[in-house]
Amino acid sequence: MSQEPAAKKKKGHVTVREAWCKGCAICVEFCPEQVLVMERGKATVAYPDRCTACNLCELRCPDFCITVSVKGE
Amino acid sequence: MFNYDQYLRLDKFPLIWCSGCGDGIVLKSLLRAVHKLGLQKDQICMVSGIGCSSRLPGYVDFNTLHTTHGRALTFATGIKMARPELTVLVITGDGDATAIGGNHYIHAARRNIDLTVLLFNNHIYGMTGGQVSPTTAKGKKASTAPYGSFENTFNISGLAQAAGASFVARSGVYNPVQLENYIVKAIQKKGFSLVEIMSPCPTAYGRRNREGTPVDMIAWQKENSVPVAKAGQLTPEELEGKLITGILVDIERSECRAEYQKLIDRLAQS
């Protein structure tokens, strides 16, 4: 039982391959936790602590820029 | 974390597609589907015609063939007949498959040859400058329809179904996991399998039709998708302008290459 809350709070680590980013902002808009922001036309990880590793940004990034890994895995 | 790089020709990156083009999202769903099926890279032959989507095979480390406009299905048919052990994937667009290659499209479906067709529907000829395609909706603008198209459109999935395809599904880039699952099912299915994929073109279509940013165009899919089961309960008026998604056809029907093999075996015995 004590493990349940911990399991719910999965933490993710987002990285952006900036050289390939075309600044479409799809990742920024579809992130439910507002981890990413646009900065100088590129997606930037602004609030890494909020990431829950839901993977929605990685799935929808059309340019193979975003990688999400689960912390501790 | 999925390792896409193992399937890519990384020296060809970054992708040629415009900012916010949906085609990259489809490519990722396809690679996850290939991985899920455990297919080896050399087991796959990917064939494309001409257009934005048809640039896709250049980025993947499979056997790839970039052919002439509208003829992807003809090359793919030849490959499947000669090398039936290969998984043949066809990458095409709405203009490539249903306008310039329309005849090949209906006959490949009629033959029910074991190909998996990923048809990227962006409602426009993107690469050549935004001309009207058979799926440009009435009233929508294109470079060849500056006052809005006045023509009726093709229902691409319906066309494949009527011609005899054994698997037809429709999805969009808003739902990359559903898309991945449909591609898996399409590859597994013996026969002509079509996945019609709504992939927004923000540059040639969206801008001209004031459909907003790439995010707006993807969000439109979210708000206007109707699962096929629910669509059956709605009237045609209620379905006007909606996007019906789901598996539309999944039937058993004799497959062309298998029938050809039967003929070869019969003649060999006589």
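Read on for an overview of the structure. Owing to the predicted nature of the structure, the values given are computational and were not obtained by experimental measurement.

Criteria and cut-off values
Residues numbered from 1 in each chain as written. Chains lettered and ligands numbered in written order. Predicted model: local features only at pLDDT ≥ 70, side-chain atom pairs only at ≥ 80, totals over all residues. Heavy atoms only, no water. Helix = DSSP H or I, 4+ residues; strand = E, 2+ residues; numbered from the N terminus. Rg over C-alpha atoms; globule rule 2.2 N^0.38 Å. Buried < 20%, exposed > 50% of the residue type's maximum accessible area, 1.4 Å probe, protein only. Contact = heavy atoms within 4.5 Å. Areas by Shrake-Rupley, 256 points an atom, 1.4 Å probe, with all protein chains shown as cover. Lys, Arg positive; Asp, Glu negative; His and termini not counted. Charge placed at Lys NZ, Arg CZ, Asp CG, Glu CD. Core = buried A, V, L, I, M, F, W, Y, C linked by side-chain atoms within 4.5 Å. Pairing = 2+ DSSP bridges. Axes fitted to C-alpha atoms, helices over the stretch in contact; angles between N-to-C directions. Buried area = accessible area lost by both parts, 1.4 Å probe. Salt bridge = Lys/Arg side-chain N within 4 Å of Asp/Glu carboxyl O. Polar contact = N/O pair within 3.5 Å; in protein donor to acceptor, adjacent residues only side chain to side chain.

1. Quick look at the overall build of chain B
Part 1 of the reasoning: Of the regular secondary structure elements, chain B holds 10 helices and eight strands.
Part 2 of the reasoning: Taking 270 residues into account, the globule formula puts the C-alpha radius of gyration at 18 Å, and chain B, at 18 Å, falls close to it.
Part 3 of the reasoning: Considering only C-alpha atoms, chain B reaches an extent of 65 × 45 × 35 Å along its principal axes.
Part 4 of the reasoning: Within chain B, buried positions represent 53% of all 270 residues.
Part 5 of the reasoning: When contacts within chain B are restricted to residue pairs at least 6 apart in sequence, long-range pairs at least 24 apart make up 68% of them.
Part 6 of the reasoning: Only carbon and sulfur atoms are counted for the fraction: they give 53% of the accessible area of chain B, which is about 11,900 Å².
Part 7 of the reasoning: Here chain B contributes 29 positively and 23 negatively charged side chains, and the mean placements of these two sets differ by 2 Å.

2. Details of the overall build of chain A
Part 1 of the reasoning: Counting its regular elements, chain A contains three helices and four strands.
Part 2 of the reasoning: Reading the helices (α) and strands (β) of chain A from amino to carboxyl end gives α-β-α-β-β-α-β.
Part 3 of the reasoning: Relative to its full complement of 73 residues, chain A shows a buried share of 40%.
Part 4 of the reasoning: When contacts within chain A are restricted to residue pairs at least 6 apart in sequence, those whose partners lie at least 24 apart make up 54%.
Part 5 of the reasoning: Per element, the accessible surface of chain A, about 4,300 Å² overall, is 52% carbon and sulfur.

3. A look at the nonpolar core
Part 1 of the reasoning: Counting residues in hydrophobic clusters, the biggest one holds 61 residues, and the most contacted among them are Phe64(A), Ile66(A), Leu27(B), Leu30(B) and Leu31(B).
Part 2 of the reasoning: The leading source of residues in this core is helix 1 (residues 23-36) of chain B, at seven residues.
Part 3 of the reasoning: Residues contacting Leu27(B), with those up to four places away along its chain left out, are Phe64(A), Leu15(B), Trp17(B), Leu56(B), Tyr59(B) and Val60(B).
Part 4 of the reasoning: Formed by 27 residues, the second largest nonpolar core is a distinct cluster that contains Val47(B), Leu73(B), Ala109(B) and Leu159(B).

4. A few points about the sheet that holds strand 7 (residues 225-227) of chain B
Residues and elements named next belong to chain B.
Part 1 of the reasoning: With respect to topology, eight strands assemble into an open sheet ordered 2-1-3-4-6-5-8-7, the strand pairing being mixed. Sheet topology places strand 2 (63-66) and strand 7 at the edges, where each strand pairs with a single neighbour. Neighbour to neighbour, the strand axes of the sheet diverge by 20° on average, direction disregarded.
Part 2 of the reasoning: Looking at chain direction, strand 7 and strand 8 (residues 243-250) are connected through three bridges and run parallel. Looking across to strand 8, one finds that Ser225 is bridged to Leu243.
Part 3 of the reasoning: Against the sheet, helix 1 engages strand 1 (44-48), strand 3 (87-93), strand 4 (116-121) and strand 6 (193-198), with an angle of about 160° to strand 4.

5. As for the interface of chain A and chain B
Part 1 of the reasoning: Taken together, the contact pairs 19 residues of chain A with 29 residues of chain B.
Part 2 of the reasoning: Carbon and sulfur atoms make up 68% of the surface buried where chain A meets chain B, a total of about 2,000 Å² over both sides.
Part 3 of the reasoning: Counting the contacts that link chain A with chain B gives one salt bridge.
Part 4 of the reasoning: Across the pair Asp5(B) and Arg17(A) runs a salt bridge whose closest N-O atoms are separated by 3.5 Å.
Part 5 of the reasoning: Taken together, the links from chain A to chain B amount to eight residue pairs in polar contact (both at pLDDT 80 or more).
Part 6 of the reasoning: Of all the elements in the fold, those that place two or more residues in the side of chain A that touches chain B are helix 2 (26-30), helix 3 (56-60) and strand 4 (66-70) of chain A.

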